[in-house]
Amino acid sequence: MRPPSVDALARSLADTGLPHPLLVDAARAAIADGDPGEVEERARRHAHAAARALLQPVVNATGVLLHTNLGRAPLAVATEAAYANLELDLSSGRRGSRHAHAAALLARLCEAEDAIVVNNGASAVLLVLAALATGRGAAVSRGELVEIGGGFRVPEVMEQSGARLVEVGTTNRTRLADFASAVENPANDTALALKVHQSNYRIVGFTEHVTVAEMSTLDVPVVADIGSGLVDAACPWLGDGPPAWLTGEPAARQTLDDGAALITFSGDKLFGGPQAGIIAGRADLVRRCAQHPLARALRPGSLVLSALQQVALAYLRRDGQAIDFWRMASLTTADLEERAQAMVKESGVGEAAQMASVPGGGTLPGTEINSCGVVLDGDHTASLRAGSPPIIARVSDGRTWLDLRTVAPDDDRHVIAALKALG
Ligand SMILES: *Cc1c(COP(=O)(O)O)cnc(C)c1O
């Protein structure tokens, strides 16, 4: 039997909706795979694999609010093709600055003199160190030389920035006097003191650490990498104030109040926005960051800036319900239970059960938030993932758990359809 031509095979897959060059790749791969007998079926499998590798919306039923594999904070971005006043000052008609929009709102929000936006939290720290401490010392407690998920290692970022690491104190105990002697030692040529939030781990027992307020009495600026971007410890955007599970998380406003000269944080953790890194604080230091050559390499475009602006405006309106992360985080178990029961009734599959969501994303380790969802016997994660849209669930104790806290109510119908298909 003669194999079909690559082109004919590719054309026979047109119903998959993939562009022709990708179908040609699928056809070639299928022909290379082996005997001509089932070549069409194999080509279709290759085409499906290519379609499933595309970035696409998924239903997050894991209960992990900031799921690293699912892009951390959920975000609604609906944009039509349009120009934007990214670098145009609409009042003067002259060239403007891309820092005039989201960054200005973020500064207002954090009550900082100024702010700039870069691509992620790691680039924020990199840029601050490069702009303020290249060729000089940056003092950090040995207890904060951390690695945060995905290979952000403080000593390595420091090295890349050209700043010299000045290690202070010990792994479990660091005192203000340790910082003071490091800063006073002329051999260290200390440009700044860096405080890094431990984010995804805790040191317990015989410990001592230096607060930002204490560090701010040193003769050098204090840079605090607060990590997750909680804007204000009082959570004024939530009707009921801060949830109990948030305790101990450093917040932007309070860290600046405590005397940090600069703070850095991610846009897509507790801030609830797009992947971005924010640097906020003293205007002269922010300006030095903005003028450093790396700033251009690390700057985001208008898609990210407009998404960030939308979230910043929601915070300024104190409208936590408009920020998906906070809307989901503050759902009551009663609401979730009602949805779970409706789902079980409609699909005839599984049972409603209490479960625990987690903030995730390398924030608040060990923290659980009471939740509710649907549980079924056996591991059905592969079938759920194969659906359209894919549904991502969790397995434990030989059962499949679908936590509804992280599922948008509009997606309940997709979950119901998927459960029916299992039943
Ligand atoms: C998450 C985190 C980072 C890295 O931020 P990305 O946005 O992932 O690059 C850096 N520092 C701290 C303290 C963090 O929590």
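Residue numbers here run from 1 along each chain, matching the order of that chain's written sequence. In keeping with the model being predicted, local features are shown solely for residues with a pLDDT of at least 70 and side-chain atom pairs are shown and tallied solely at 80 or more, while totals for entire chains, interfaces and linings include all residues. As a rule here, side-chain values cover all heavy atoms of the structure and leave hydrogens and water aside.

A. Just the overall build of the protein, in detail. Helix and strand definitions follow DSSP, with helices as H or I runs of at least four residues and strands as E runs of at least two, each counted in order from the N terminus. Secondary structure summary: the protein contains 16 helices and 16 strands in total. Over its C-alpha atoms, taken along the principal directions, the protein stretches across nearly 80 × 50 × 50 Å. The long-range share in the protein, meaning contacts at least 24 apart out of those at least 6 apart in sequence, stands at 69%. By element, 50% of the accessible surface of the protein is carried by carbon and sulfur atoms, the whole surface being about 20,300 Å². Just so you know, the count uses Lys and Arg for positive and Asp and Glu for negative, and it drops His and the chain ends. Here the site of a charge means atom NZ of a Lys, CZ of an Arg, CG of an Asp or CD of a Glu. Positive and negative charge centroids in the protein, built from 38 and 48 side chains respectively, lie 5 Å apart. For this analysis, residues touch if any pair of their heavy atoms sits within 4.5 Å. Only the protein chains shown count as cover for residues, and all accessible areas are computed by the Shrake-Rupley method using a 1.4 Å probe.

B. Geometry of the pattern of salt bridges. Salt bridges are defined by distance alone: a side-chain nitrogen of Lys or Arg within 4 Å of a carboxyl oxygen of Asp or Glu. Tallied over the entire structure, the rule returns 21 salt bridges. When the shortest N-O distance is used, the salt bridge between Asp-232 and Arg-253 registers 3.0 Å. Of the two residues, Asp-232 sits in the loop between β9 (222-227) and α9 (252-257) while Arg-253 sits in helix α9, which places them 21 residues apart along the sequence. Burial classes follow relative accessibility: with a 1.4 Å probe on protein chains only, a residue under 20% of its type's maximum area counts as buried, one over 50% as exposed, and anything between as partly exposed. Its relative accessible area of 7% is what places Asp-232 among the buried residues. When salt bridges with common partners are traced through the structure, they connect Glu-87, Arg-95, Arg-98 and Arg-299 into a single cluster.

C. Fine view of the packing of helix α5 (residues 121-133) against helix α6 (residues 154-161). Fitted lines through C-alpha atoms serve as axes, helices being fitted only where they are in contact, and the angles separating the N-to-C directions of these axes extend from 0 to 180 degrees. Where α5 meets α6, the axes come as close as 8 Å, and the angle between the chain directions of the two elements is 45°. With respect to their mutual orientation, α5 and α6 come out oblique. At the point where α5 passes α6, the crossing takes the right-handed sense. Touching Val-125, Leu-126, Leu-129 and Ala-130 of α5 are Val-157, Met-158, Gln-160 and Ser-161, all from α6. Residue classes follow a fixed rule: Ala, Val, Leu, Ile, Met, Phe, Trp, Tyr, Cys and Pro count as nonpolar, while Asp, Glu, Lys and Arg count as charged, and any other residue, Gly among them, counts as polar. Each residue belonging to the contact of α5 with α6 can be placed in one class, and the counts come to six nonpolar, two polar and no charged. Working definition: roughly parallel below 35 degrees, roughly antiparallel above 145 degrees, roughly perpendicular at 65 to 115 degrees, and oblique for all remaining angles. Handedness of each helix crossing follows the sense of rotation of the near helix against the far helix: counterclockwise by less than a right angle gives left-handed, clockwise gives right-handed.

D. Spotlight on the domain arrangement of the protein. How far each domain reaches was decided by an automatic or database domain assignment. Assigned domains of the protein: these are domain 1 (6-52), domain 2 (59-73 + 331-422) and domain 3 (98-319). Placing a centre on the C-alpha atoms of domain 1 and another on those of domain 2 gives a separation of 34 Å.

E. Fine view of the site of the ligand. Near residues are defined by distance, with any heavy atom within 4 Å of the molecule or strand qualifying the residue. Taken together, Arg-72, Asn-120, Gly-121, Ala-122, Ile-148, Phe-152, His-197, Ser-199, Asp-225, Gly-227, Ser-266 and Lys-269 form the complete shell of residues around the ligand. Here an oxygen atom of the ligand sits 2.8 Å away from a polar atom, N or O, in the main chain of Gly-121. Here a nitrogen atom of the ligand and a side-chain polar atom of Asp-225 are 2.5 Å apart. Compared with its free state, where it exposes 380 Å², the ligand has 94% of that area covered by protein. Of all elements in the fold, only α5 and β9 reach the threshold of two or more residues within the shell around the ligand. Classifying every residue of the shell around the ligand gives three nonpolar, six polar and three charged. Here a polar contact is taken to be a pair of N or O atoms separated by no more than 3.5 Å, where protein atoms must pair a possible hydrogen donor with a possible acceptor and residues adjacent in sequence count only if both atoms sit in side chains.

F. Quick look at unusual backbone geometry. In the segment running from Ser-388 into Pro-389, the intervening peptide bond is cis, with an omega of 0°. Tracing the backbone shows Pro-389 in the loop between α15 (381-386) and β14 (391-392). One non-glycine residue, Glu-111, lies in the positive phi region at around 55°. Within the secondary structure, Glu-111 sits in the loop between α4 (102-110) and β3 (114-118). For Leu-364, which is not glycine, the phi dihedral falls at a positive 45°. Its location among the elements puts Leu-364 in the loop between β12 (351-360) and β13 (369-377). Taking relative accessible area as the criterion, Leu-364 reaches 4% and is therefore assigned buried.

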